[in-house]
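Each chain, letter by letter, is given below.
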Amino acid sequence: MASHESTYRPTSNISKWLDARLPVQRMMHGQFVDFPTPRNINYLWTTGGLLTFFLAVQIVTGIVLAMHYMPSAADAFNSVEHIRRNVNYGWLIRNIHAVGASFFFLAVYIHIARGLYYGSYKAPREVLWILGVVIFLLMMATAFMGYSLPWGQMSFWAVTVITNLFSSIDSIIPGLGTRIVQWLWGGYAVSGTTLNRFYALHYLLPFVIVGVVGLHIWALHVVGQNNPTGLDIKSPSDTVPMAPYAVMKDVFALSVFVLLFAWFVFYLPDYLGHPDNYIEANPLSTPPHIVPEWYFLPYYAILRAIPDKLMGVIAMFSSILLLIFVPWLDTSRVRSTKYRPVYKWFFWLFVFTVVALGYLGSKPAEGVYVQWARVFTAYYFIHLLVVLPIVGVMETAKPLPRSIAESVLGSPAAAPKHR
Amino acid sequence: MTTPNRAKIGAASLLLASALAAGSAAWAAGGEPVHIDRQKWSFSGYLGKFDEAQLQRGFKVYVETCARCHGLKRIAFRNLVQPGGPSFPEAAVKSLAGTYKVDAEPNDQGKILKRPAILVDYLPSPYKNEQEARAALNGALPPDLSLIAKARGIESHAPFYLVPKNMLVDIATGYQEGGPDYIYAYLTGFKEPPAGTKVPDGMNYNRAFASPHMTAMPNPFAGGDGFVKYDDATPATVDNYARDVTAFLAWTADPRLEERKRLGLLVTIYLLITAVLLYLAKRRIWAKAH
Amino acid sequence: MASHSAEDPNRRDFIVILAQAFAGVGAAVALWPFIHQMNPDASTQALASIEVDLSPVKEGQAITVSWRGKPVFIRNRTAEEVKTAKAVKLTELKDPIARNEALPDRSPATDQNRTKKDKENWLVLVGICTHLGCIPKGQSMGDAKGDYGGWFCPCHGSHYDTAGRIRLGPAPQNLLVPPYEFVSNTMIKIG
């Protein structure tokens with residue numbers, strides 16, 4: 001698809017003049033209007049557009065909040081209350097930003113699951129996939145630092161606990177972990193100094209994400225979109241132009257997702273949060289049961305499942321970093337799980353595992369919860385390190401359709417009617 | 001045909017799962033489970049509105065009982081006048097403000113004298129700082145109540161297989177009143193301790209408080225029915241005191257609630273229509289491709 | 001289905017255009033909160049009126065108070081200063097308009113129109129030079145009061161008289177008289 005030529009024809013003199021100097025309209029037309037899109041993509045392929053939308057929403061609402069927010073230990077909590085109570089539509093913009101972070105993650109988890117199910121990481125899309133993992137990591141860092149900004153009890157203790165993860169390095173090189181943590185904090189404990197630097201980075205990182213998203217879309221448009229059959233595009237009848245087909249589908253899916261989003265923004269703004277974060281940070285008292293935001297719960301469960309500090313941290317980070325190697329861990333010749341009768345079961349077991357880890361991460365780290373967290377943590381790694389390579393080799397795939405067009409239109413005879 | 005369905009189920013289960021994890025996270029806490037009943041509130045649900053008269057009574061209860069120890073520092077006198085709250089008449093709040101004394105600007109000698117409060121002033125707290133409060137109250141610190149209705153919640157003790165169902169119901173009904181439910185249960189939870197429970201000096205038994213049910217706060221309504229006089233016909237009972245002051249605190253924690261729910265309804269209706277129109281338009285366009 | 005839509009292009013276009021219009025209007029309306037958030041917020045608006053006690057201000061003295069974040073000059077003028085201000089003919093003024101928010105737009109800039117009836121020793125002005133927004137001198141005893149005994153703006157040399165009217169320099173207008181009223185003999189409410 002890299003050789004796809006834009007059908008852009010400048011009409012006015014101004015656009016001709018510009019086209020000869022900076023063919024930006026030609027590029028946009030080629031990439032987002034007449035770009036060939038597999039005609040069989042389902043609604044799961046609308047999550048990319050959704051994520052772009054949420055990135056934009058987070059940046060716009062974030063800049064607006066920055067106009068009213070004050071990043072100091074004395075003022076942060078009060079300024080958020082000022083936004084909620086006094087600023088015109090401040091409550092709305094703050095709710096959009098806070099709930100938006102959750103919906104951003106909800107969309108990204110669906111996006112990742114879709115990629116795993118349809119084998120969108122397999123050749124030639126490895127770089128595309130790795131860029132996605134990088135975006136995911138940047139999102140997590142951004143969300144974590146953003147969560148510190150309201151400077152409530154959960155904010156404060158989340159920063160304390162997560163930055164303390166680095167102190168586990170002490171058990172490899174004594175003293176180094178402590179030094180790193182003090183460097184992160186700018187002191188001997190989490191303080192206003194820490195808040196101030198997190199604010200600066202929280203403002204910066206989204207723009208880094210924009211850059212990597214640009215690369216992600218570039219890589220996507222070089223190799224073209226995957227599709228539910230996992231087949232390559234072989235002829236023009238396999239595709240439809242992006243506009244109006246895929247665009248219209250994206251916009252409709254967006255409206256439905258935004259409807260759900262609005263429901264939370266207006267009626268359940270605190271549902272995804274924690275009551276303790278409405279208590280101002282108190283460095284002298286930890287809430288009885290601290291939990292991260294829901295989107296970090298599976299990793300939190302993995303961290304707590306391992307009884308050793310350093311190993312827990314390593315397991316948690318490797319649970320995400322392992323995703324980078326999925327293109328090579330999966331040995332199957334068939335992309336789409338649709339045609340993989342055995343792996344299909346393992347895939348849903350993996351989804352169930354992540355959900356179960358999320359549930360367990362929300363529970364106190366004691367008794368039966370820890371036992372189950374260990375079981376599911378074990379499967380998480382077994383799935384990626386053992387199931388993916390072995391099932392790919394052993395399994396016999398179901399017969400694939402001959403082309404994308406055939407999968408949609410039934411037989412090759414029923415070619416699409418072009419008018 | 002089955003596989004796209006599976007994909008849809010997959011997406012749905014992911015969504016459900018994340019919601020599930022979130023909800024259970026929100027109310028998790030240690031200790032023995034305390035069951036807290038949900039109450040009916042005029043401000044719950046997607047058509048919820050505060051009851052002005054109730055907030056006015058609640059403010060009276062706050063002033064005459066809670067305010068001795070608890071501040072309300074995020075509420076200015078002007079807030080008591082604004083729409084979507086108790087909406088007292090401006091003149092009444094002005095004269096009420098005049099009865100409170102706040103720090104004036106330093107005078108020509110650099111002394112900070114007291115002056116009567118005006119509308120833009122915030123409600124003065126009973127203690128200057130944490131240390132003064134603790135010194136006066138045997139080491140206990142009464143929290144500021146401005147945000148208390150958001151800073152408390154109730155735990156769900158449902159077994160894990162019921163969690164998804166409960167969450168879907170809460171999401172569909174827009175349930176956000178865990179804080180008020182808890183506060184009401186707490187205010188009415190001062191009971192005789194069960195036989196065999198020793199209550200240490202300076203502590204009080206409260207069945208709604210987290211295990212072991214001991215709280216430093218004494219029963220604020222120990223005076224019984226009638227000790228706060230209501231200006232309207234509402235029966236002056238302890239139950240009503242608890243209900244009214246809880247509603248008032250729900251407002252202090254979320255003074256924009258009415259504006260939020262009103263706009264939310266418009267936005268939801270608009271998005272529903274838009275989604276239907278976009279679906280029809282999408283089908284129209286894709287009709288050419290299939 | 002496909003053939004139906006092809007036969008009826010108007011309806012097809014209609015539904016697509018309607019959907020796009022709906023989405024477009026919604027997106028445009030959604031911009032409003034992002035614009036409105038920059039307007040003065042509720043706590044700022046609440047400070048829109050202040051009450052000032054005039055009893056400590058002796059004849060010949062002046063105080064400056066802050067109203068909406070702007071300085072307001074309040075001067076208890078001497079009989080001499082009032083007399084001088086009244087003696088000025090409208091034709092001598094650079095700006096013959098009263099600039100009093102309580103009066104109609106075209107009211108002449110007489111001393112009477114710059115003060116309140118029976119309280120003409122009190123002059124209340126927004127202390128911001130109408131040129132480019134500096135704060136004129138003239139409130140303290142030792143300040144330069146300019147050639148006309150009122151205020152002098154050091155930024156670009158505007159001279160105001162004892163009724164706060166521009167007499168010399170680049171400023172185009174008289175100092176603004178904010179909306180205020182006497183709530184008692186010695187108390188005014190500005191705003």
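Not measured: the values here are computed from a predicted model.

Conventions and cut-offs
Residue indices follow the written sequence of each chain, beginning from 1 at its first position. Just so you know, chain letters begin at A and ligand numbers begin at 1, following the order they were written in. Local features are withheld for residues below a pLDDT of 70 in this predicted model, meaning they are given only at 70 or higher, and side-chain atom pairs are given and counted only at 80 or more; totals for whole chains, interfaces and linings count all residues. Processing note: side-chain calculations cover all non-hydrogen atoms of the structure and skip hydrogens and water entirely. Only strands joined by at least two bridges in the DSSP assignment are considered to pair. Per the convention used, a helix needs a DSSP run of H or I reaching at least four residues, while a strand needs a run of E reaching at least two, with both numbered from the N terminus. Working convention: axes come from line fits to C-alpha atoms, limited for helices to the stretch in contact. Angles between N-to-C directions cover 0 to 180 degrees. What makes two residues a contact is simply this: any of their non-hydrogen atoms within 4.5 Å. Each of two parts loses accessible area, computed with a 1.4 Å probe, when they are put together; buried area is these two losses added. A carboxyl oxygen of Asp or Glu within 4 Å of a side-chain nitrogen of Lys or Arg is what we treat as a salt bridge. We define a polar contact as two N or O atoms separated by no more than 3.5 Å, with the added condition that, inside protein, one atom must be a possible hydrogen donor and the other a possible acceptor, whereas residues neighbouring each other in sequence contribute only through side-chain atom pairs. Residues belong to a common nonpolar core when they are buried Ala, Val, Leu, Ile, Met, Phe, Trp, Tyr or Cys residues joined through side-chain atoms within 4.5 Å. Remark: exposure states derive from per-residue accessible area (1.4 Å probe, protein chains only) relative to the maximum for the residue type, with buried under 20%, exposed over 50%, and partly exposed in between. Here the limits of each domain have been adopted from an automatic or database domain assignment. One less than the number of residues in a helix, times 1.5 Å, gives the span that helix is expected to have.

## Observations regarding the sheet that holds strand S6 (residues 158-161) of chain C
All names here are of chain C. Read across the sheet, 3 strands follow the order S5-S6-S7 without closing on themselves; strand pairing throughout is antiparallel. The sheet is open, and its two borders are formed by strand S5 (149-153) and strand S7 (166-168), each paired with just one other strand. With strand direction ignored, the average angle separating the axes of adjacent strands in the sheet is 35°. Taken together, the 4 bridges between S5 and S6 define a ladder with antiparallel strand orientation. Residue pairing for S6: Trp151 is matched across the bridge by Tyr160.

## Here's the deal with the sheet that holds strand S3 (residues 70-76) of chain C
Residue and element names in this part refer to chain C. Strand order in the open sheet formed by 3 strands is S2-S3-S4, with antiparallel pairing between adjacent strands. Because the sheet does not close on itself, it has two edges, and the strands there are strand S2 (62-67) and strand S4 (122-126). Recorded for the sheet is a direction-independent mean angle of 20° between the axes of neighbouring strands. Note: S2 against S3, 6 bridges, orientation antiparallel. Bridge pairing in S3 links Ile63 to Ile74.

## Re unusual backbone geometry
For residues other than glycine, phi is negative in most cases, and the peptide bonds are mostly trans. Backbone torsion omega between A:Ala243 and A:Pro244 reads 5°, so that peptide bond is classified as cis. With respect to the element layout, A:Pro244 can be found in helix H10 (residues 242-267). Residue B:Pro212 is reached from B:Ser211 by a cis peptide bond, and omega for that bond is 10°. Tracing the chain through its elements places B:Pro212 in the loop between strand S3 (204-205) and strand S4 (214-215). The backbone of B:Asn138 shows a phi angle near 65°, a positive value even though the residue is not glycine.

## Here's the deal with the interface of chain B and chain A
Facing the 67 residues of chain B at the interface are 66 residues of chain A. Summed over both partners, the interface of chain B with chain A buries about 6000 Å², with 69% contributed by carbon and sulfur atoms. For the pair chain B and chain A, the interface holds 3 salt bridges. For B:Asp254, the salt bridge goes to A:Arg84, with nearest N and O atoms at 3.6 Å. For the pair chain B and chain A, the interface holds 14 residue pairs in polar contact (both at pLDDT 80 or more). Looking at the side of chain B that touches chain A, the elements with two or more residues in it are helix H1 (2-27), helix H5 (148-151), helix H6 (163-173), helix H8 (238-253) and helix H9 (257-286) of chain B.

## Observations regarding the nonpolar core
Judged by nonpolar contacts, the single largest core of 126 residues is most densely connected at A:Phe103, A:Phe105 and A:Phe136. If we ignore the near neighbours within four places in the chain, the residues touching A:Phe103 are A:Phe54, A:Phe257, A:Leu260, A:Phe261, A:Phe264 and A:Leu272. Judged by nonpolar contacts, the second largest core, of 51 residues, contains B:Leu55, B:Val102, B:Tyr182 and B:Ala242.

## Topic: the domain arrangement of chain C
Each assigned domain of chain C is listed here: domain 1 (8-39) and domain 2 (45-190). Distance from the C-alpha centre of domain 1 of chain C to the C-alpha centre of domain 2 of chain C: 50 Å.

## Considering H10(A)
Spanning 26 residues, H10(A) covers 35 Å between terminal C-alpha atoms, matching the ideal 38 Å at 1.5 Å per step. Buried residues dominate H10(A), accounting for 19 of its 26 residues.

## A look at the interface of chain C and chain B
As a measure of interface size, the accessible area lost when the parts come together is often cited. If you look at the interface, chain C gives 18 residues, while chain B gives 14 residues. Taken together, both faces of the contact between chain C and chain B bury some 1500 Å²; the carbon and sulfur share is 73%. Between the two partners, chain C and chain B, sit 0 salt bridges. Connecting chain C to chain B are 2 residue pairs in polar contact (both at pLDDT 80 or more).

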